[in-house]
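# Structural overview
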Amino acid sequence: MRPLGRTGIHVLPLGIGTNKWRRADRGAVLETYRTIGEAGPCMIDTAEIYFSERVVGDCLRAGPTRAVIASKFLPFPGRTSPRRLMRALDGSLARLGLKTIDLYYVHYPLPFIDVGVFAEGLIEAVKSGKARAIGVANFNADKMRRIADHLARAGVPLAANQVNYSLLRRAAETNGVLEACRELDVALVAYFPLASGRLTQPSDDMGTKAMGTKALLTCLADIARAHDASISQVALNWLLARDSHVIPIPGATKPHHARANLDALSWRLSKTEYDAIDQASAPRMA
């Protein structure tokens, strides 16, 4: 189990992204939901912009779950006040069929808009009882620290910062975001942890060669064979070993994909294996 910052909420080290649930087969999605629900408090991540909240809501109405539900407020010019955030939260709750959401994010910062505006809305979300915890997504280290400071003055902890993080996109390690998560004790929720499928392909894939990831995928494939695992399970294991604040949320629309992702929790990389992947991936720090 991994904590969502200092909120007292704990989740499985792996969650699930639902940005493709809207277009997926509903029967398969429901079985996927049941699969992760049986595993424990798995984070189910959605957002109003994904148009998948209603699908998640249908799943929730189909049966109880131990899952932790997260969604996101979509900011854009003219939609930045606390009142607009609360109105959006009400809409998300209605679509999900919930009175309280476990985790509510601001989807991304806006240029020239002070983070304090979002902080006030997030504080109201918690104080009203409509959100158990709040977070941000795609915030850089500076904006993350500033909004955490606003929240702390109201006694509300920042639970998470959700960013693009994988072996093919390791910018969080060099731009200060991972360091800030450690410093503030905030979860780093990693979206696209399998690089939109590029870390699920065999090393002889021609498209992969063109992207210069052959050496990394060859390394992952060798380690996968040693553990009778998949390349994606190895890639997820590396993220889990990278830092205890990291919670990857790979997408899945079929139960066997969700089950395979969760099976990555049943074993761990050795230090030698971890270091080999780290070295093969090192050029991908941007």
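Let us look at the structure shown here.

Analysis parameters
- Residues numbered from 1 in each chain as written.
- Predicted model: local features only at pLDDT ≥ 70, side-chain atom pairs only at ≥ 80, totals over all residues.
- Heavy atoms only, no water.
- Buried < 20%, exposed > 50% of the residue type's maximum accessible area, 1.4 Å probe, protein only.
- Helix = DSSP H or I, 4+ residues; strand = E, 2+ residues; numbered from the N terminus.
- Arc of directions from axis to C-beta.
- Contact = heavy atoms within 4.5 Å.
- Disulfide = S-S within 2.5 Å.
- Pairing = 2+ DSSP bridges.
- Axes fitted to C-alpha atoms, helices over the stretch in contact; angles between N-to-C directions.
- Phe/Tyr/Trp six-rings, centres within 6.5 Å; stacked < 30°, edge-to-face > 60°.

## A look at helix H7 (residues 177–184)
For H7, every residue scored as buried is listed here: Val 177, Leu 178, Ala 180 and Cys 181. One face of H7 carries all of its buried residues, which in axial projection span an arc of 160°. Summarising the contacts, the buried residues of H7 are in contact with helix H5 (141–153), strand E8 (158–164), helix H6 (171–174), strand E9 (187–191), helix H10 (231–242) and strand E10 (246–248). Asp 185 sits one or two positions beyond H7 and adopts a positive phi of about 55°.

## A few points about the state of the cysteines
Cysteine pairs can be linked by a disulfide, which is a covalent bond between their two sulfur atoms. Under the counting rule described, the total for this entry stands at zero disulfides. Cysteine Cys 59 remains unbridged, with the sulfur of Cys 42 as its closest cysteine sulfur at 13 Å. Considering cysteine sulfurs only, Cys 42 is the nearest to Cys 181, which forms no disulfide, with 19 Å between them.

## Structural notes on the sheet that holds strand E7 (residues 131–137)
Taken together, eight strands build an open sheet; the order of strands is E3-E4-E5-E6-E7-E8-E9-E10 and the sheet is parallel. Only two strands of the sheet have a single neighbouring strand rather than two, namely strand E3 (16–17) and E10. Note: strand E5 (residues 68–73) against strand E6 (residues 101–106), four bridges, orientation parallel. Looking at E6, one finds that Ser 71 is bridged to Tyr 104. Sitting on the sheet, helix H3 (residues 82–96) is in contact with E5 and E6, with an inclination near 135° to E6. The strands touched by H5 are E7 and E8; relative to E8, the strand with the most contacts, the crossing angle is about 160°.

## A closer look at the packing of aromatic side chains
Per the counting criterion, the structure on display carries two aromatic pairs. Measuring from centroid to centroid gives 5.1 Å for Tyr 191 and Phe 192, while their planes differ by 75°, and the two rings are edge-to-face. Judged by relative accessible area, Phe 192 falls into the partly exposed class, the value being 37%. Their ring planes at 5° and their centres at 5.3 Å tell us that Trp 238 and Tyr 274 sit as a pair that is stacked. On the criterion of sequence distance, the pair formed by Trp 238 in helix H10 and Tyr 274 in helix H12 (residues 271–281) is long-range, its members being 36 residues apart.

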